[in-house]
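# Report on the structure
Listed below, chain by chain, are the residues.
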Amino acid sequence: AQTVTQSQPEMSVQEAETVTLSCTYDTSENNYYLFWYKQPPSRQMILVIRQEAYKQQNATENRFSVNFQKAAKSFSLKISDSQLGDTAMYFCAFMKYFGNEKLTFGTGTRLTIIP
Amino acid sequence: KAGVTQTPRYLIKTRGQQVTLSCSPISGHRSVSWYQQTPGQGLQFLFEYFSETQRNKGNFPGRFSGRQFSNSRSEMNVSTLELGDSALYLCASSLQALNTEAFFGQGTRLTVV
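The notes below deal with the structure included here. (Residues numbered from 1 in each chain as written. Chains lettered and ligands numbered in written order. Predicted model: local features only at pLDDT ≥ 70, side-chain atom pairs only at ≥ 80, totals over all residues. Heavy atoms only, no water.)

Our next topic: the overall build of chain A. When helices and strands are tallied, chain A shows 0 helices and 12 strands. Rg of the C-alpha trace for chain A: 14 Å, near the compact-globule value of 13 Å for 115 residues, within the 12% margin. Each of the three principal axes of chain A carries a C-alpha extent, and together these read 45 × 30 × 20 Å. Put simply, chain A shows about 5,700 Å² of open surface, and 43% of that area lies on carbon and sulfur atoms. Separation of charge centres in chain A, based on 11 positive and 10 negative side chains, amounts to 5 Å. (Helix = DSSP H or I, 4+ residues; strand = E, 2+ residues; numbered from the N terminus. Rg over C-alpha atoms; globule rule 2.2 N^0.38 Å. Areas by Shrake-Rupley, 256 points an atom, 1.4 Å probe, with all protein chains shown as cover. Lys, Arg positive; Asp, Glu negative; His and termini not counted. Charge placed at Lys NZ, Arg CZ, Asp CG, Glu CD.)

See the structure below:
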């Protein structure tokens, strides 16, 4: 079974600063996907960024980028130039490449952007 | 394009009752997954349907069941409700069989009293 661990329950950062959220996972699979999802207060969860394990290049989406370290089973999310709208719960998630179409989530990090 | 729609948004039920939650996926999406979100357990996978077939089921008791219709809409049912079933139930839909981009609804907040 796969497990996903987010060791930072809460974080806060000043607007415009950079913040990094940590995620580690445990799996015996070689092919899989990793995701960061954002859940703003009282709003639906949305996909922030996705990383395929077979790709060595780290994924980026505008101000969001990841540091994927496959050997260390680490998958951190960096948010640059943070904005008030980034305030949300952030969940790291794992999905096997084949045969098990479910997301395994971490416990989440509550991120607050301070004006 | 309309997003994933879950109804109702809020629900209060009494212990022992049963409840049915509905999820309408994004048009064209054939995969629907259900998750339970609680402060204590976090987000846990319930089940996933693709083209009316349940492909995966999480570790929940048999009181939790679901189905998917030919138009891809899905329902989940919880029978003999317990206080511990109080949670936010999230539905996610995706276009392909491999859910590499799941779109979530706003959820149904179920409170069991």
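Next up on the list: the state of the cysteines. All names here are of chain B. Per the stated rule, a full pass over the model turns up 2 disulfides over all chains. Across the disulfide, Cys23 is cross-linked to Cys91 (sulfur-sulfur distance 1.7 Å). Between Cys23 and Cys91, the S-S torsion sits near -55°, and that sign places the bridge as left-handed. Taken together, the residues span a long stretch of sequence, with Cys23 in strand E3 (residues 19–24) and Cys91 in strand E9 (residues 87–94) at a distance of 68 residues. Across the pair, Cys91 and Cys23 agree in class, each one buried. (Disulfide = S-S within 2.5 Å. Buried < 20%, exposed > 50% of the residue type's maximum accessible area, 1.4 Å probe, protein only.)

Counting residues at the interface gives 19 residues for chain B, matched by 20 residues for chain A. Of the roughly 1,600 Å² buried between chain B and chain A on both sides combined, carbon and sulfur atoms contribute 56%. Here chain B is connected to chain A by 0 salt bridges. Between chain B and chain A we count 3 residue pairs in polar contact (both at pLDDT 80 or more) in total. Those elements that place two or more of their residues in the side of chain B that touches chain A are strand E4 (31–38), strand E5 (42–50), strand E6 (53–57) and E9 of chain B. Partitioned by chemical class, the residues of the side of chain B that touches chain A number 9 nonpolar, 7 polar and 3 charged. (Contact = heavy atoms within 4.5 Å. Buried area = accessible area lost by both parts, 1.4 Å probe. Salt bridge = Lys/Arg side-chain N within 4 Å of Asp/Glu carboxyl O. Polar contact = N/O pair within 3.5 Å; in protein donor to acceptor, adjacent residues only side chain to side chain. Nonpolar A, V, L, I, M, F, W, Y, C, P; charged D, E, K, R; others polar.)

This brings us to the packing of aromatic side chains. Counting across every chain of the model gives 18 aromatic pairs over all chains. Their ring planes at 35° and their centres at 6.0 Å tell us that Phe35(A) and Tyr37(A) sit as a pair that is tilted. An identical accessibility class is assigned to Phe35(A) and Tyr37(A); each is buried. Each member of the aromatic cluster is reached from another via a ring pair, and the members are Tyr33(A), Phe35(A), Tyr37(A), Tyr54(A), Phe91(A), Tyr97(A), Phe105(A), Tyr35(B), Phe45(B) and Phe104(B). (Phe/Tyr/Trp six-rings, centres within 6.5 Å; stacked < 30°, edge-to-face > 60°.)

Residue and element names in this part refer to chain B. Taken in spatial order, the 4 strands of this open sheet run E1-E3-E8-E7, and their pairing is antiparallel. The sheet is open, and its two borders are formed by strand E1 (5–7) and strand E7 (64–68), each paired with just one other strand. Taken pair by pair, the neighbouring strands of this sheet meet at an average axis angle of 15°, ignoring direction. Relative to strand E8 (residues 74–78), E7 runs antiparallel, the two being bridged by 5 bridges. What sits directly across from Ser65, in E8, is Asn77. (Pairing = 2+ DSSP bridges. Axes fitted to C-alpha atoms, helices over the stretch in contact; angles between N-to-C directions.)

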